[in-house]
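Residue-level structural notes
Chain by chain, the residues run as shown.
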Amino acid sequence: MTAEEIYNKINSFHTINTETNKSVFGEIADLYDKHKEDEAVAHIQNYFKCDENTAKEAFAIFKKKVGPPISAEQIALASAEALAMQYGPHCPYCNSTNLHRITTLEKAADTVLFGVYGNTRRCQWHCYNCNSDF
Ligand SMILES: [Zn+2]
């Protein structure tokens with residue numbers, strides 16, 4: 001198989017890894033987002049039984065098509081938004097619904113006390129369960 005053919009297989013969501021029951025695309029995107037590029041290449045090599053260079057090439061095509069990896073913060077925000085849309089607001093860290101909406105006044109007070117870098121300034125919610133702001 002050529003690198004292009006491998007990429008096309010990865011890109012088809014029907015290629016399910018029977019061991020983990022997840023799509024190969026999802027697994028590789030997951031490793032890529034976590035900056036585990038060596039593991040992603042090894043995964044391609046192992047799954048498609050190709051040589052290392054072909055796996056590297058296929059991964060290079062994958063990276064070019066997918067674009068830069070998503071940061072952990074973006075993932076947390078995206079999953080918080082997705083959960084909020086489905087079930088109302090949830091803490092992205094511990095999944096608790098025991099939340100308090102941080103008001104504009106509190107944000108302003110935080111800015112006054114801690115300056116522009118006060119860390120709740122850009123956050124909208126406080127979680128009473130794990131004490132994180134997001
Ligand atoms: Zn929490």
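The model shown is predicted, which means the values in this text are computed figures rather than measured ones.

**Some words on the packing of aromatic side chains**
Scanning the model with the defined rule gives six aromatic pairs in all. A centroid spacing of 6.0 Å and a plane angle of 15° characterise the contact between F59 and F62, whose relative ring orientation is stacked. Of this pair, F59 and F62 both sit in helix α4 (residues 52-66), three residues apart, which is roughly one turn of the helix. Through pairs of rings, three or more aromatic residues link up here, namely F25, Y32, F59 and F62.

**Some words on the coordination of the zinc ion**
Within the first shell, the zinc ion binds the protein through C91 (SG), C94 (SG), C127 (SG) and C130 (SG), at distances of 2.2 to 2.4 Å. Around the zinc ion, the four donor atoms are arranged such that angles at the metal cover 106 to 115°; this shape is classified as tetrahedral. Sequence positions of the donors to the zinc ion reduce to the motif C-x2-C-x32-C-x2-C. Take C91: its relative accessible area is 1%, and that puts it in the buried class. A residue is classified by how much of its surface remains accessible, and C94, at 28% relative accessible area, is partly exposed.

**Some details on the pattern of salt bridges**
For the structure on display, the rule yields three salt bridges. Of the charged contacts in the structure, one is a salt bridge between E37 and K63, with a shortest N-O distance of 2.8 Å. Of the two residues, E37 is situated in helix α3 (residues 37-48) and K63 in helix α4; the sequence distance between them amounts to 26 residues. The exposure class assigned to E37 is partly exposed, which follows from its relative accessible area of 29%.

**Quick word on the packing of helix α1 (residues 3-11) against α4**
Relative orientation of the contacting elements α1 and α4 amounts to 55°, with a least axis distance of 8 Å. Taken together, α1 and α4 sit at an angle that is classed as oblique. As α1 runs across α4, the sense of the crossing is right-handed. Taking contact as the criterion, the partners of A3, E4, I6, Y7 and I10 in α1 are, on α4, T54, E57, A58, I61, F62 and K65. Within the contact of α1 with α4, the residues separate by chemical class into seven nonpolar, one polar and three charged.

Criteria and cut-off values
Residues numbered from 1 in each chain as written. Predicted model: local features only at pLDDT ≥ 70, side-chain atom pairs only at ≥ 80, totals over all residues. Heavy atoms only, no water. Phe/Tyr/Trp six-rings, centres within 6.5 Å; stacked < 30°, edge-to-face > 60°. Helix = DSSP H or I, 4+ residues; strand = E, 2+ residues; numbered from the N terminus. Donors = N, O, S within 2.8 Å, 3.2 Å for Na, K, Ca; no water. Tetrahedral: all angles 85-135°; square planar, octahedral: opposite > 155°, others 65-115°. Buried < 20%, exposed > 50% of the residue type's maximum accessible area, 1.4 Å probe, protein only. Salt bridge = Lys/Arg side-chain N within 4 Å of Asp/Glu carboxyl O. Axes fitted to C-alpha atoms, helices over the stretch in contact; angles between N-to-C directions. Parallel < 35°, antiparallel > 145°, perpendicular 65-115°, else oblique. Left-handed = near helix turned anticlockwise from the far one by under 90°. Contact = heavy atoms within 4.5 Å. Nonpolar A, V, L, I, M, F, W, Y, C, P; charged D, E, K, R; others polar.

Nothing here speaks to function; it is geometry throughout.
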